Amino acid sequence: MADVIDLGKFAGMARTASGTDAVNVQASEETGSWTRSTNISGSAGFLSAAAVRKLDDESPIGKMLELVERILKRLEICMEHLNQQEMFSSDDELMACKRLLSELLMFREVNDSVGLIAWTAYQASQVEAITDAPALPEVLHRVLTRLWSSPFMRFDEACLLVEEIEGAVPVAPASGFIEVSEELLTEQT
Amino acid sequence: MTTAFLETTVLTDYCLKKDGSEKTARAALRRFSKIIVPQFAWKEFKRGPLHTYAWMHNKLLDTRSFTASLSALQKISRTPRRYFTSTIIQSLHTAFVNGFDGVTIKDLQARYGAKANLDTLHADVLRLELKRAIHASWPRREKLFDGVHHRLSCYPDAQLVDDEGRIETKPDDCPKGADCCLKAQLTTRRQDVALVRARLPKDGRPETSKRFRVLRQIEKHQSRVMTPKDCRDFGDAYFVLFCPPGAIILTTNSRDIQPLANALGVSVETP
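Residues numbered from 1 in each chain as written. Chains lettered and ligands numbered in written order. Predicted model: local features only at pLDDT ≥ 70, side-chain atom pairs only at ≥ 80, totals over all residues. Heavy atoms only, no water.

Asker: What should I look at first to understand the overall build of chain A in this one?
Answerer: When its secondary structure is counted, chain A shows eight helices and two strands. Shown N-terminal to C-terminal, the secondary structure of chain A runs as helices and strands in the order β-α-β-α-α-α-α-α-α-α. Sequence separation of at least 24 residues holds for 65% of the intrachain contacts in chain A that already meet a minimum separation of 6. When the accessible area of chain A is evaluated, it comes to approximately 8,600 Å², of which 50% is carbon and sulfur surface. (Helix = DSSP H or I, 4+ residues; strand = E, 2+ residues; numbered from the N terminus. Contact = heavy atoms within 4.5 Å. Areas by Shrake-Rupley, 256 points an atom, 1.4 Å probe, with all protein chains shown as cover.)

This is the structure:
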């Protein structure tokens, strides 16, 4: 069952002590202007990302999905330029993506998977020029498409996705990580 | 075929570090055709490095402030180092802030308010990187390097627990009162234990004194319980006494392990 959202989490409802969702909503057929491929789960209690956004695009998750959609469109343009060897235009689109990715960080409270992917994608986008990482737009597009379709993915999956980003371009750890790590590990000896 | 018997320090470099040590460890491991990670190394790893990573993660989650969390680390460290003066903490944060375009941040702060607070953002991304390192190590122990070797029957190998975002590492040691499962194996090798004990350096360090005491207890008082604390104090001696025949101990702590290994003719390499 791929590309679905647990509606209980979306609605911000607390989980019950038994770990079951507080609300269950049967997904209904999806229609309308949403253009990306979507999946409606056959199981009760889950909705696709697209359906959720249609239900409430003013919610944090709705706004986040809309922002990811904008980033994906710009990445598609970036890749088109790259294929045409139009480096200035391609790089310009990546710079625009960088700004949008910094905005995606504002949605890190949706969950830790969103936060980790947004942060790594933002760090990766700080290349000096697109020629330093020509594979980056495609990888970012693949990862963000996955985030768009499954924003409540497990953290372990998000870890694997950021490894894909790091495969396209070296990503520096956050400022302070190395120093904190050294201090924490030196404590052990 | 060369076999590496992985000691906790190299396991830690491989799993948690991002300062280049992880690359050195990776390169060193490529020299071997087989890598053995004993459960003892995972046990030390969880109780030590992983626990402090989880502590930092939980502190960042609790304070949602980079500067406050580092200040807490500065206070709690037994041996505060050069990195954590107020000036250095501030400069680390400034380096983070400089990674953002000034105009963008002002715009984000106008539209998103507290969510665009850079101290909070810095704390959050550092926490996420720590969480990632934690998730990339402990939960993968059953698959990494063909899984866990030389299991300890008294050790409760347990998953980490996500408690409303907090990472809980307990249990991280054998139950209180447990008699270490290694004792039975060690009491049949009293001569080896004595050889290792004789090679302990006379350096006056508390760690060495504790190891001396445990080894002597194993050698001379087999009926005594080898408690979880005794097992912890046993430490480096484990890797020498339980290194499989023909294998090489891979460690960054050759200063402590090499003299003990010499006693039994065990090979030691550093990455």
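Asker: Please clarify how the overall build of chain B should be interpreted in this entry.
Answerer: Summing up its helical and strand segments, chain B has 13 helices and seven strands in all. Projected onto its principal axes, the C-alpha coordinates of chain B cover approximately 70 × 40 × 35 Å. The contacts of chain B with a sequence gap of at least 6 include a subset with a gap of at least 24, amounting to 65%. Roughly 12,500 Å² of accessible area belongs to chain B as shown, and the carbon and sulfur atoms make up 51% of that amount. Here chain B contributes 45 positive and 30 negative side-chain charges, whose respective centroids are spaced 3 Å apart. (Lys, Arg positive; Asp, Glu negative; His and termini not counted. Charge placed at Lys NZ, Arg CZ, Asp CG, Glu CD.)

Asker: Sorry if this is basic, but what is going on with the side chain of Lys-46 of chain B here?
Answerer: Residue and element names in this part refer to chain B. Mapped onto the fold, Lys-46 is located in helix H3 (residues 39-63). Salt bridges are absent for the buried Lys-46, whose nearest opposite-charge side chain, Asp-157, sits at 6.9 Å. A distance of 3.1 Å separates a polar side-chain atom of Lys-46 from the backbone oxygen of Ala-158. Contact partners of Lys-46, with chain neighbours within four places excluded, come to His-51, Trp-138, Tyr-155, Ala-158, Gln-159, Leu-160, Thr-169, Pro-171 and Asp-172. (Buried < 20%, exposed > 50% of the residue type's maximum accessible area, 1.4 Å probe, protein only. Salt bridge = Lys/Arg side-chain N within 4 Å of Asp/Glu carboxyl O. Polar contact = N/O pair within 3.5 Å; in protein donor to acceptor, adjacent residues only side chain to side chain.)

Asker: When you look at the pattern of salt bridges in this model, what are you seeing that I'm missing?
Answerer: Any two side chains of opposite charge can pair, on the condition that their charged atoms come close. All names here are of chain B. Going through the model one piece at a time under the given rule, you end up with 39 salt bridges over all chains. Between Asp-107 and Arg-111 there is a salt bridge, with the nearest N and O atoms lying 2.9 Å from each other. Here Arg-111 and Asp-107 lie together in helix H6 (residues 102-112), a separation of four residues that amounts to about one turn. Taking the relative accessible area as the measure of exposure, Arg-111 reaches 46% and is therefore partly exposed. One salt bridge connects Asp-256 with Arg-205, and the closest N-O pair in it is separated by 2.5 Å.

Asker: Just to check I follow, could you spell out the interface of chain B and chain A for this structure?
Answerer: Think of interface size as the accessible area that goes away when the parts come together; that is how it is often given. Contacts between chain B and chain A engage 50 residues on the former and 38 residues on the latter. The junction of chain B with chain A conceals about 4,200 Å² of combined surface from both sides, 60% of it contributed by carbon and sulfur atoms. For the pair chain B and chain A, the interface holds seven salt bridges. Close ionic contact of Arg-132 of chain B with Glu-166 of chain A constitutes a salt bridge, the shortest N to O distance being 2.7 Å. Counting across the interface, chain B meets chain A through 17 residue pairs in polar contact (both at pLDDT 80 or more). Residue assignment for the side of chain B that touches chain A shows that the elements contributing at least two residues are helix H1 (8-16), H3, helix H4 (66-76), helix H5 (86-97), H6 and helix H7 (118-135) of chain B. Among the elements that make up the side of chain B that touches chain A, the one with the highest residue count is H7 of chain B (13 residues). Of the residues contributing to the side of chain B that touches chain A, the split by class is 24 nonpolar, 10 polar and 16 charged. (Buried area = accessible area lost by both parts, 1.4 Å probe. Nonpolar A, V, L, I, M, F, W, Y, C, P; charged D, E, K, R; others polar.)

Asker: Explain the confidence of the model for chain A to me, please; I cannot follow it from the model alone.
Answerer: Detailed reading of the predicted coordinates is not advisable wherever pLDDT is low. Scored by pLDDT, chain A comes out at a mean of 79, with 69% of its residues at no less than 70. Note on residues 6-45 of chain A: pLDDT is under 50 here. Beyond four places in sequence and across chains, it has 70 contacts. (pLDDT = per-residue confidence, 0-100.)

Asker: Teacher, can you tell me more about the sheet that holds strand E3 (residues 148-149) of chain B here?
Answerer: Note on sheets: strands pair through backbone hydrogen bonds, and any given pair is parallel or antiparallel. Residue and element names in this part refer to chain B. Here five strands make up an open sheet; going across it, the order is E3-E2-E1-E6-E7 and the pairing parallel. Since the sheet does not close on itself, it has two edges, and those belong to E3 and strand E7 (267-269), each with one partner. Sheet topology places strand E1 (residues 3-6) next to strand E2 (residues 34-38); three bridges connect them, and they run parallel. Bridged to Ala-4 within E2 is Ile-35. (Pairing = 2+ DSSP bridges.)

Asker: Explain the pairing of E1 of chain B here, please?
Answerer: Within a regular strand, the side chains alternate between the two sheet faces. Residue and element names in this part refer to chain B. Here E1 shows a buried face lined by Thr-3 and Phe-5 and a second buried face lined by Ala-4 and Leu-6. Bridge analysis of E1 against strand E6 (residues 248-250) gives three bridges, and the strand direction is parallel. Residue pairing for E6: Phe-5 is matched across the bridge by Ile-249.

Asker: Got a minute to help me understand the environment of Thr-52 of chain B in this structure?
Answerer: Residues and elements named next belong to chain B. Among the secondary structure elements, Thr-52 is positioned in helix H3. On the basis of relative accessible area, Thr-52 is assigned to the buried category, the value being 13%. Residues Thr-52 and Thr-169 lie 117 residues apart in sequence; the distance between their C-alpha atoms is 9.8 Å.

Asker: What exactly am I supposed to notice about the packing of aromatic side chains here?
Answerer: Two descriptors summarise a pair of aromatic rings, namely the distance from one centre to the other and the angle between the planes of the rings. For the structure shown, the criterion picks out 15 aromatic pairs over all chains. Ring centres of Tyr-122 of chain A and Phe-100 of chain B lie 4.9 Å apart, and the angle between their planes is 10°; on these two criteria the pair is classed as stacked. Taken together, the residues Tyr-122 of chain A in helix H5 (residues 112-124) and Phe-100 of chain B in the loop between H5 and H6 connect one chain to another. Phe-100 of chain B shares its class with Tyr-122 of chain A; the two are buried. Between Phe-40 of chain B and Tyr-238 of chain B, the aromatic rings sit 4.3 Å apart at their centres with planes inclined by 10°, giving stacked as the arrangement. Here Tyr-238 of chain B lies in helix H12 (residues 236-241) and Phe-40 of chain B lies in helix H3, a separation of 198 residues in the sequence. Considered together, Phe-40 of chain B and Tyr-238 of chain B belong to a single accessibility category, that of buried residues. Three or more aromatic residues joined by ring pairs form one cluster here, namely Phe-5, Phe-40, Tyr-238, Phe-239 and Phe-242 of chain B. The side chain of Arg-189 of chain B reaches across the aromatic face of Phe-242 of chain B, ending 5.9 Å from its centre. (Phe/Tyr/Trp six-rings, centres within 6.5 Å; stacked < 30°, edge-to-face > 60°. Lys NZ or Arg CZ within 6 Å of the ring centre and 35° of its normal.)

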